[in-house]
Structure formats: structure tokens, C-alpha cells
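# A structural walkthrough
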Amino acid sequence: MELAKTYDPKLVEGRWYQHWMEQGFFRSVPDEREPFTIVIPPPNVTGVLHMGHMLNNTIQDVLIRKARMEGKNACWVPGTDHASIATESKVVGMLREKGIKKSDISRDEFLKHAFEWKDKYGGIILEQLRRLGASCDWERTRFTMEDKLSKAVIKVFVDLYRKGYLYRDLKMINWDPKARTTLSNEEVVYKEKRSKLYHVRYQVEGSQDEWLTIATTRPETILGDTAVCVNPKDPRYTHLQGKKVLVPLIGRSIPVIFDEYVDMEFGTGALKVTPAHDINDYELGKKHNLETIDMMNDDGTISPAGQLYVGEDRFTARKRIIEEIETAGQLVKVEEIDNKVGYSERNPDTVVEPRLSLQWFVDMQPLAGPALENVLNDEIQFHPAQFKNLYKHWLENIRNWPISRQLWWGQQIPAWYLEDGSFFVAETAEEALELARKATKDDSLSLSALRQDEDVVDTWFSSWLWPISVFDGFENKEELNYYYPTNVLVTGWDIIFFWVARMIMAGYEYTGEKPFKHVYFTGMVRDKEGRKMSKSLGNSPDAMELLDTYGADGVRVGMLIAAPKGNDLLFDVKLCEQGRNFSNKVWNALRLIKGWESYEDKNTDNEAAIAWLESRLNQVIQDIDAHFAAFRLSDALMAVYSFIWDDFCSWYLEMIKPEYQQPIDSHTLARTIELFEKGLQLMHPFMPFITEEIWNQLRERDSKDCIIVSRWPQAGQVDAALLQQAEAAKEVISKVREVRNQKGLKQKEPLQLYAVVKDKNRYATFSAMIQKLAFLGEFSFVDAEVDGTQTFLVGTDQFFLKTGDTIDPEQEKARLLQERDYLLGFIRSVQGKLSNEKFVSSAPAAVVDSERKKLSDGEAKVKAIEESLAKLN
């Protein structure tokens, strides 16, 4: 069958993915092999594939495919996260379109609608990952709200409560008025905003015209003020000891209190105190026994306790209160300031409100110790290691985690209340009832007397158990003992606190072992100008359109080629074009090889080329294995890319290619196919589809004889001398081609080349190849310079090319002077390094020796050029 001129991924990808699935190549069950395990960072059920997902999952697939080829029991567990806030918002919106209000239906009815929505839309992203080539064990797909995983969450909640690590308390928390739920500190994103600082004066009670001026960025919270605080050392306010002031517009009398907490230099040195709506004010309120007035509803509107503007949005109330304060003559001035404002991570346009609320918290201090120690001592290794500093700072300053969320979508908190407010934490209502009967000594209590907590736990409180719960590790230790700890976690550094640190805590708390051995942090995907990708900027390409246009292999190469670990990826669609072009290059190599007729023989002229490529391949395998060991996947891809494009396609195939329409010897053809296959195996983790197609085009194979389960190539002997000889020969050929281009000579017009060299053996092995690829009529060694020729250097060896035309002495002199000037600059830079005592003393000896050799070679080249210049003069 004749092969198409260009590679068409649409004809290949779906077919091979289906074949891999049918053959069970992705499936993993415990056996005698060494396991290699990755658990997917579960994407939200609300999600669709975007550039960040593509990068993250391509990296995971590269790692799992290589491990599979190494003979390990490769297990990549997929799944999705229920994403409480985001999904509930989607479902509420869907119901609204149907004319249904959440408040008009029961919790059970809402959950029924939510699960129907999840079943319809929740698996879209997993299907899209298949298009990318993700070789997950799909039979293991998990969901954070499925029964077994939910039971694990409840079990851990109860266990932490009984250990005293989990408690309920009235505290200041972050509140999302749009989602109407608590947020953890890590879910608040602070943005620099240009804000207004309002200076408002409060009348001193009992005076006619004595005022105390405060400064605030949130004037609507004046409605909840219960004190004004000044520093006891501030001479401006000592006379106010024991005095009170009146809250503007309301006239409520509040005390002037004194506390060194107040910064005398900021604003007016007087601080309004609103204990229900600011964490620092709350602490001051507790210290000075102040009243707490919650003047805001959970949707960000003013509550009846605020007295004015009841039911109006907080920002509308802000404008109105300023207008009325100004009318009353109590607005002193307004300043423009730069201010950090907290926004909801889940609702990016929503300003978070500090709010006093009764919530469930996890005491993180007892859990943080092992999590910090085992990262700092590299029991768990971060890649890049620099993220240890960020991680260390967070854990050393860790705050307790508010885990209750005022939602219905999620695991409902396993706490049951009696009418008197007492509560009992248990895994089931029946267990809670037994606890209640014992506590009250009332055996007549029934389940109807108990009311379960309405809140659910934070989504992260379920996903922090992910590496354990996906293997049902809280019920059955058999699979957990085999697959855990997992090998690598691939994730964005932006969830190092949300997820990575918490998984490590849960791992040590519930298994006594790390959850993973390595954490590979990906960077953020940005556009080529360095901007974060977003729909509003219009700079985020559609992932599925990219896959349709460039094929999965092209997109994977485009993502990885510019994705060094931990650093942001500056994405340009041209990178995907580069990936597609690479696919076509490899495809054309297949077409060339498949188009050759062969005859039974062995052409010994090709032995040097075969030996060189085999040695070069062994060197590349060593390099790639080293890159993988250090998680330098971009470097590993570039090593494969360079070997296939440059060494195999551009050089080797040209070396062994027979004359036009002539057959090739069977020995060379067989060895070429073997070497090509090894190159394809190195490519496979990065470009799974085209490598599988070519692998099966090269030979007739059994349905199970696929590249995906072939053995990863092992590096053999590297002949360093042979590689150096080949590089010298390639440089000679390139220089001859360069001269042809400069002079407009035909590429196949035979030329004569003469060489004055120190060691003829350096070129002997590849002399026939030099003649063939440089199209030389003669290539010989001489003892002296040949007049009337174009000269060039390879190392310190001199070459003289007779082109058949007259050499212009002035042009040749100018060329040599330019080359000499370049070399002199190079020599100065090397001399600068070698004159640096710190470099010479601290650099490895091999590096210093290499620099000295560069200096020696450079000086020898300059000497040869000057000799040629002298003759021209």
C-alpha cells in the first residue's frame, strides 16, 4: 500500500487509541512487577480541557508511558473532583433557567438534580483527555463524591474530631457573598487596587463641636462600629480617656478605647472598630469586651442590625453612606491609595467579606510537622527544588483550616444536634443517636430528635485523601500496600497549599508514609507575550481546535518543547506547527525506507555510518535517561527531536541512501529499521500516535506487538572517538556546502578538496562519506597549502577547496579577517573565565580542562588564519 505524502493524524489517532483500549494496555492490577503509580489531579466536573490541563496531563502521560515501556506496572488513576462551589453554582443556574429556585426545593431534590447534571457534563474533560492520548486506567476512574470516597471523608472527619484536631468555633472567617459560603485563607486572592480612603469625623458625645476623625476604605461597615481605638501613647487623644463618640448617621454611643495595636502614623491614628467584620477588630473586641454587631447578610446586603440601607448591596450602601455623611458635614476628605483587596478564588469578581461565623476548623499544627520535615529532608522531592522555600514558609506560618461550607453539593458534615444545641460527631445518625442517649442518659431519644449539620466539608477536605482513597485505602489495604506511595504527582505550583501540602499531611497521618516520592511542578501557560491566558483577553486557544488542526502529537510537542519544569510556558501556536512538521519529517523517513527495494548482500561502505548512528543512539539514550531522572522532560524531548531530525533523517539516511532508483543491501536496510525503531521508542512517550503507526508500518506485527508495550531501549557502548570523527566529517561536508551556496555552485558539481591535517585517521573512517555527501571528485591529504583554493578550518585542520573559479584575494582576505576577529573575541571570553580564580577552583576539573582545550584550539585556528593572510599579502 502506498503511503500518503503527509501524515494525517485524523486517520491514525482514534484507531490506535481504540486498539490500545481493546488490548488492555492501560489496565493495571497488582502483580510481581515494580509498580509505577500516578494519580491524576482530579479536574473539576465543571471543567473542559484547557491549556493548563493539556500541559499537566501530557507530562503525566509521558512519565507513565516511559514507565510502562520499562516493564513496570504502570498505573495512572483518572478521576474528577465534585468542586462544591463551582458545581453548585452551575446547578443553581440550570435550575433557574427551568424556573426553579434552590430555596423552593429540598436538599434531596437539589442533589438529585446535581447528580443528573454531573452525569451529563461531568465526564466531558475525561473524554477530551483521551483525544490527547492520556493512557489512564479508565476502569479505575474515581469521583470524589462517589460512595466509597465520601465514606472515607466522613471517617477522617470523625477521627480528627475524636483526636481533638477538629473543632467548632465562632471565629472571623472569609466569606464569599456570591457563593454564600466560607472560604479558607488560601481561597482568597489579593489584588492591588486603587482604592479610596475616606476620612470621617465622629462627634465626641456631650460636646458641641469636638470631633474624632477616623480613616476607612469600607465606610459601609460604620453601621457595625462598636468603638474607636487610639494608641495610649498618642498625645493627640489622651484627653479622650473615658469619653464616647457617636456613630455617624445612627448616633449610637460607642467608647473610645486605648490600645498599642493602633499605628499612630497610619491615617489619623484613630481606628474604627467593627468586631463582626474585621479579624483585627474582632481580636480588639474580645480584648476590650466590645459588642459585636453583624450588619451584613450572607449575600452582601445590609442586615436589619445595620439600621440603615437594609437589604441594599454593600457597595450601593457605601455610596449612599458617603453621600449622607458628606451632607451631614462629617466627611473630612477622600484620599486615593493603593490597597490590597481580597477576592474569591472561585468567583474572581467577588470581593471577600471578613465575617464572624460559627464554623468547623481543623487544627493544622499537629499535622504540619511530618509534612514539613519530610519535604525539607527530601524524603519527598520537589522539582524544581526552589518550591521548598515557598512550602516551608506556609507550613511554618500555618493557620487553622475552616472546612465547613454553606452548600448542599458535597459531603454533609457528620454532626447531629439536639434542640439545646449540643452535638455529636459520628459516622452515621445511628451512632450519633447512641452517643446522644449516653450523654443525656435518655434512652427514649429517637432519630427524629437529631438534626444533621446543614453544611458540607470543603472540597479540598475530600481531595487531600485522593492518593489513599482512590485505592479504597481506608477499607482495603491490599491495593494501597502495592500502589502506595505513588511515584510522581504532577501539578501546578499554584495549588501547593490547597492540595499538595494537605495530601502530604493526610498521607503521614493515615498511612505513616508519604503519598508520593516526587512532586513535579508545572509552570503557568502564558501567551508568547507573557500574559496569563484568559477568555477576556482572547489569547487562550481552544484546546480541541488545536488537537483537530495539529494532531495530538503535534500539540504535545508544542506544549513540552517550551515547558521547563516549574517555569511558565510561553505558548505560541507556531510550536504546534513545529510539532506537526516534526511528525511529517518522521513520516517522510518512513516513506523513504519503505520505498527502497533491497538485495541480499552487505555493503561494507555503510558500516561506518551504521556504527556511528548506533553509538550516537546509545549516547542519546544515556542523555534522555539522565533528563528523565532529573525531570527535565523538555530537555529529553529536545534530545529525541535532535536525534531523529538531525542525526537520523538529515545525516544517516543521506549517508546510506542508494543512488536514485537503485536498491539497498538487505543488511543496511535491516540495521536501519532496527535503529529507526529504537528512535521511535524514545519518541513514543512524547508522540504516542505517530510512533505506533510507523512501528506497525515498518514490519508485519501481531496485534499485541505494539510500541506502547515494547521495551525501552538500553544504552550500549558509546564510541567517543568515532563520534568525534563523524562530527569532524560532518563539519567538512557542511563547510563545502556553505562554499557552494556562497558561490552559487551546483550542489552536485564535483569539486576537489585537499587537506593539511595533523591526524589523517580522524577523517579516514568517513572519507568515502565525505566524498559522497559533499559531491567531491577528489578528496586527498597534502603537506602544504594549495594555491587558488577556498580555505576553511575544521578544528585546527586546514582544508582547501578548488571550485574552478578565480579566488578574489581581497574577498578571501576579508572573510579570513572576519573569522579571525570572531575567534579573537571567543579567545578573550575563555581567557576571562580561566583568569577567574573562583571559576578555576570551584568548577569541576573536566569543565576547566574543556575551557583550556577551547583556548588552545582557538589560538591554533588564529595562527592558521594568520598564516593564510600572510600568503595573501
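A brief look at the structure comes next. Bear in mind the structure is a predicted one, so any value in this text is a computation, not a measurement.

## Re the overall build of the protein chain
- Scanning the protein chain from terminus to terminus reveals 27 helices and 31 strands.
- Each principal axis of the C-alpha atoms in the protein chain carries an extent, and together these give about 110 × 65 × 50 Å.
- The buried share of the protein chain, taken over its 873 residues, is 53%.
- Sequence-distant contacts, at least 24 apart, represent 77% of the contacts inside the protein chain between residues at least 6 apart.
- About 39500 Å² of surface is accessible on the protein chain, with carbon and sulfur atoms providing 47% of the total.
- On the protein chain, the mean spot of the 111 positive side-chain charges and the mean spot of the 134 negative ones are 1 Å from each other.

## Details of the side chain of Ser666
- Relative to the helices and strands, Ser666 is located in helix H20 (residues 666–683).
- From its side chain, Ser666 meets the backbone nitrogen of Asp601 in a polar contact 3.3 Å long.
- Once you skip the residues sitting within four places of it in the chain, Ser666 turns out to touch Ser598, Tyr599, Glu600 and Asp601.

## Details of the sheet that holds strand S19 (residues 423–425)
- Pairing within the open sheet is antiparallel, and its three strands lie in the order S19-S18-S20. The strands lining the two open edges of the sheet, one partner per strand, are S19 and strand S20 (451–452).
- When strand S18 (residues 415–417) meets S19, the two strands line up antiparallel, connected through three bridges. Looking across to S19, one finds that Tyr417 is bridged to Phe423.
- The strands touched by helix H11 (residues 429–440) are S18 and S19; relative to S19, the strand with the most contacts, the crossing angle is about 130°.

## Quick notes on a nonpolar patch on the surface
- Among the surface-exposed residues, Val48, Tyr121 and Ile124 lie close enough to one another that they form a single nonpolar patch of about 230 Å² accessible area.
- Along the chain, Val48 turns up in the loop between strand S1 (35–39) and helix H2 (51–69).
- Of the residues examined, Val48 reaches a relative accessible area of 47% and is grouped as partly exposed.

## Overview of the pairing of S1
- Most of S1 is tucked away, with five of its five residues classed as buried.
- Side-chain alternation along S1 places Pro35, Thr37 and Val39 on one buried face and Phe36 and Ile38 on a second face that is also buried.
- As a crossover connection, the stretch from S1 through H2 into strand S2 (residues 73–77) is right-handed.

## A look at the packing of aromatic side chains
- Tallied over the entire structure, the rule returns 40 aromatic pairs.
- Clustering of aromatic rings is evident, with ring pairs tying together Phe157, Tyr161, Trp360, Trp401, Tyr417, Phe423, Phe461 and Trp464.
- Stacked on the ring of Phe110, the Lys or Arg Lys102 has its end atom at 5.5 Å from the ring centre.
- Directly above the ring of Phe361 sits Lys171, whose terminal nitrogen or CZ lies 4.9 Å from the centroid.

## Examining the pattern of salt bridges
- Under the criterion given, the structure shown has 61 salt bridges.
- For the salt bridge of Arg556 with Asp61, the shortest nitrogen-to-oxygen distance reads 2.8 Å. Highlighted residues: Arg556 in helix H16 (residues 543–560) and Asp61 in helix H2, separated in sequence by 495 residues. Like Arg556, the residue Asp61 is buried in the burial classification.

## Let's talk about the environment of Met21
- Position of Met21 relative to the elements: it lies in helix H1 (residues 13–23).
- A residue is classified by how much of its surface remains accessible, and Met21, at 31% relative accessible area, is partly exposed.
- Remark: the alpha-carbon pair of Met21 and Asp137, spanning 116 residues in sequence, is separated by 9.2 Å.
- Once residues within four sequence positions are removed from consideration, Met21 is found in contact with Phe26, Arg130 and Trp138.

## Focus on the environment of Val757
- Tracing the chain through its elements places Val757 in the loop between strand S28 (751–756) and helix H23 (761–764).
- Along the chain, Val757 and Phe781 lie 24 residues apart, while their C-alpha atoms are 7.4 Å from each other.
- If sequence neighbours within four positions are ignored, Val757 has contacts with Tyr763, Phe781, Asp797 and Phe799.

## Considerations on the sheet that holds strand S6 (residues 181–183)
- Strands sit in the order S6-S5-S14-S16 across an open sheet of four strands; the sheet is antiparallel. Looking along the sheet, the strands with just one partner apiece sit at the ends: S6 and strand S16 (401–402).
- Note: strand S5 (residues 166–176) against S6, three bridges, orientation antiparallel. Within S6, the position partnered with Asp176 by the bridge is Thr181.

## Overview of H11
- In a regular helix each residue adds 1.5 Å, so twelve residues correspond to 16 Å; H11 covers 16 Å between its end C-alpha atoms and thus fits that length.
- Regarding H11, the residues found buried are Ala432, Leu433 and Ala436. Summarising the axial view, the buried residues of H11 lie within an arc of 105°, below the 170-degree limit, and thus occupy one face.
- In this structure, the buried residues of H11 make contact with S18 and S19.
- Looking one or two residues beyond H11, the residue adopting positive phi is Lys441, at roughly 55°.

## Describing the packing of helix H18 (residues 607–629) against helix H22 (residues 720–743)
- Interaxial distance between H18 and H22 falls to 9 Å at its minimum, and their mutual angle equals 115°. Judged by the inter-axis angle, H18 sits roughly perpendicular to H22. As for the relative orientation of H18 and H22, their crossing is left-handed in sense. Where H18 approaches H22, its residues Ala611, Trp612, Ser615, Arg616 and Gln619 are matched on the opposing element by Leu722, Leu723, Ala726 and Lys730.

## What about the state of the cysteines?
- Tallied over the full model, the rule gives zero disulfides.
- Unpaired in terms of disulfides, Cys706 finds its nearest cysteine sulfur in Cys136, a separation of 18 Å.

## Quick word on the side chain of Ser135
- Looking at the element boundaries, Ser135 is found in the loop between helix H5 (124–132) and strand S4 (142–143).
- Setting aside residues no more than four positions away along its own chain, Ser135 makes contact with Phe26, Asp61, Ile64, Arg65, Arg68 and Trp76.

## Brief notes about the packing of H18 against helix H19 (residues 633–656)
- Between H18 and H19, whose axes approach to 9 Å, the crossing angle comes to 175°. In terms of orientation, H18 and H19 fall into the roughly antiparallel class. For the pair H18 and H19, contact is made by Ala609, Ile610, Trp612, Leu613, Arg616, Leu617, Val620, Ile624, His627 and Phe628 and by Leu633, Asp635, Ala636, Ala639, Val640, Phe643, Asp647, Phe648, Trp651, Tyr652, Met655 and Ile656, respectively.
- Residue composition of the contact of H18 with H19, grouped by class: 18 nonpolar, one polar and three charged.

## Points about helix H21 (residues 688–698)
- Counted residue by residue, H21 has ten buried out of eleven residues, so it is predominantly covered.
- Within H21, the full set of buried residues consists of Pro688, Phe689, Ile690, Thr691, Glu692, Glu693, Ile694, Trp695, Gln697 and Leu698.
- Considering only its buried residues, H21 is in contact with H1, H2, H5, H16, helix H17 (573–594) and H20.

## Examining unusual backbone geometry
- Note the cis peptide between His383 and Pro384, where omega equals 0°.
- Within the fold, Pro384 resides in the loop between strand S15 (381–383) and helix H10 (387–396).
- Although it is not a glycine, Tyr309 sits at a positive phi angle of roughly 55°.
- The residue Tyr309 is located in the loop between helix H7 (279–287) and helix H8 (314–327) in this model.
- Phi at Asp378 is positive, roughly 65°, even though this residue is not glycine.
- Of note, Asp378 is situated in the loop between helix H9 (365–376) and S15.
- Since its relative accessible area comes to 37%, Asp378 is described here as partly exposed.

The rules behind the values
Residues numbered from 1 in each chain as written. Predicted model: local features only at pLDDT ≥ 70, side-chain atom pairs only at ≥ 80, totals over all residues. Heavy atoms only, no water. Helix = DSSP H or I, 4+ residues; strand = E, 2+ residues; numbered from the N terminus. Buried < 20%, exposed > 50% of the residue type's maximum accessible area, 1.4 Å probe, protein only. Contact = heavy atoms within 4.5 Å. Areas by Shrake-Rupley, 256 points an atom, 1.4 Å probe, with all protein chains shown as cover. Lys, Arg positive; Asp, Glu negative; His and termini not counted. Charge placed at Lys NZ, Arg CZ, Asp CG, Glu CD. Polar contact = N/O pair within 3.5 Å; in protein donor to acceptor, adjacent residues only side chain to side chain. Pairing = 2+ DSSP bridges. Axes fitted to C-alpha atoms, helices over the stretch in contact; angles between N-to-C directions. Patch = residues over 30% accessible without salt bridge, like charges linked within 9 Å, V, L, I, M, F, W, Y side chains within 5 Å. Salt bridge = Lys/Arg side-chain N within 4 Å of Asp/Glu carboxyl O. Right-handed = clockwise from strand over helix to strand, strands pointing away. Phe/Tyr/Trp six-rings, centres within 6.5 Å; stacked < 30°, edge-to-face > 60°. Lys NZ or Arg CZ within 6 Å of the ring centre and 35° of its normal. Expected span 1.5 Å × (residues − 1). Arc of directions from axis to C-beta. Parallel < 35°, antiparallel > 145°, perpendicular 65-115°, else oblique. Left-handed = near helix turned anticlockwise from the far one by under 90°. Disulfide = S-S within 2.5 Å. Nonpolar A, V, L, I, M, F, W, Y, C, P; charged D, E, K, R; others polar.

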